[in-house]
Amino acid sequence: MSRDRCQAPAASTVVHVQEETVQPDHVVWSLFNTLFLNVCCLGFAAFAYSVKSRDRKMAGDLAGARSHASTAKCLNILALVLGVVFIVLTIVVMLNRDSR
């Protein structure tokens, strides 16, 4: 059998993959602050904003993700500073109480 039919070229599909934007959501830092330095529940609030940031990033809303990540970062910094100050003051008070 001979094949005299013309064959059409095979169709091709081009898929454009969007680059993964690296937008930190600070979830690990927020979880650390929630577990160890949860002064005035700032660590928990930072964790909530971090999860919101991750959700917005998965939904494709990068502006919303950036906004929530920025809020989480500020809350994490505040929780860290207040936690360290609280720990240092506690140590100073304990040392002064023992020296009397």
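The name recorded for the protein in an unreviewed UniProt entry is Interferon-induced transmembrane protein 3-like, from Erinaceus europaeus. Under the UniProt heading Sequence similarities (unreviewed entry), the entry covering the protein gives this text: "Belongs to the CD225/Dispanin family." In the Subcellular location (unreviewed entry) part of its UniProt record, the protein is described as follows: "Membrane".

Draft legend 1. Representation of the overall build of the protein in the model. Helices and strands together make up the secondary structure of the protein, namely 3 helices and 0 strands. Overall, the protein shows an N-to-C arrangement of helices and strands of α-α-α. Residues counted as buried form 21% of the 100 residues belonging to the protein. When contacts within the protein are restricted to residue pairs at least 6 apart in sequence, long-range pairs at least 24 apart make up 64% of them. Surface summary for the protein: the accessible area is close to 8,100 Å², and the carbon and sulfur share equals 64%.

Draft legend 2. Seen up close, the packing of aromatic side chains. Per the stated rule, a full pass over the model turns up 1 aromatic pair. Centroid distance Phe-32 to Phe-36: 5.1 Å. Interplanar angle 45 degrees. Geometry classified as tilted. With a gap of 4 residues between them, Phe-32 and Phe-36 both fall in helix α1 (residues 27–36), about one helical turn apart. Seen from the ring of Tyr-49, Lys-52 lies directly overhead, with NZ or CZ sitting 5.0 Å from the centre.

Draft legend 3. Molecular detail of the UniProt feature "transmembrane region" (unreviewed entry) in the protein. With numbering aligned to this structure, UniProt lists the feature "transmembrane region" (unreviewed entry) at residues 27–49 and 75–95. In residues 27–49, the share of helix is 78% and the share of strand is 0%. The end C-alpha atoms are 9 Å apart. Along residues 75–95 one finds 100% helix and 0% strand; the C-alpha atoms at either end are 30 Å apart.

Draft legend 4. Structural detail: the state of the cysteines. For the coordinates displayed, the defined rule picks out 0 disulfides. In this structure Cys-41 is a free cysteine whose sulfur lies 7.5 Å from that of Cys-40, the closest cysteine sulfur available.

Draft legend 5. Highlighting the pattern of salt bridges. The final tally for this structure, using the stated rule, is 2 salt bridges. A salt bridge links Arg-54 to Asp-25, with the shortest nitrogen-to-oxygen separation between them at 2.8 Å. Taken as a pair, Arg-54 in helix α2 (residues 42–59) and Asp-25 in the segment before α1 lie far apart in primary sequence, 29 residues in all. The class of Arg-54 is partly exposed, set by a relative accessible area of 38%. A residue is classified by how much of its surface remains accessible, and Asp-25, at 8% relative accessible area, is buried. A salt bridge links Arg-56 to Asp-61; the nearest nitrogen and oxygen atoms lie 3.5 Å apart.

The rules behind each value
Residues numbered from 1 in each chain as written. Predicted model: local features only at pLDDT ≥ 70, side-chain atom pairs only at ≥ 80, totals over all residues. Heavy atoms only, no water. UniProt positions renumbered as here; feature names shortened; annotations may be inferred. Helix = DSSP H or I, 4+ residues; strand = E, 2+ residues; numbered from the N terminus. Buried < 20%, exposed > 50% of the residue type's maximum accessible area, 1.4 Å probe, protein only. Contact = heavy atoms within 4.5 Å. Areas by Shrake-Rupley, 256 points an atom, 1.4 Å probe, with all protein chains shown as cover. Phe/Tyr/Trp six-rings, centres within 6.5 Å; stacked < 30°, edge-to-face > 60°. Lys NZ or Arg CZ within 6 Å of the ring centre and 35° of its normal. Disulfide = S-S within 2.5 Å. Salt bridge = Lys/Arg side-chain N within 4 Å of Asp/Glu carboxyl O.

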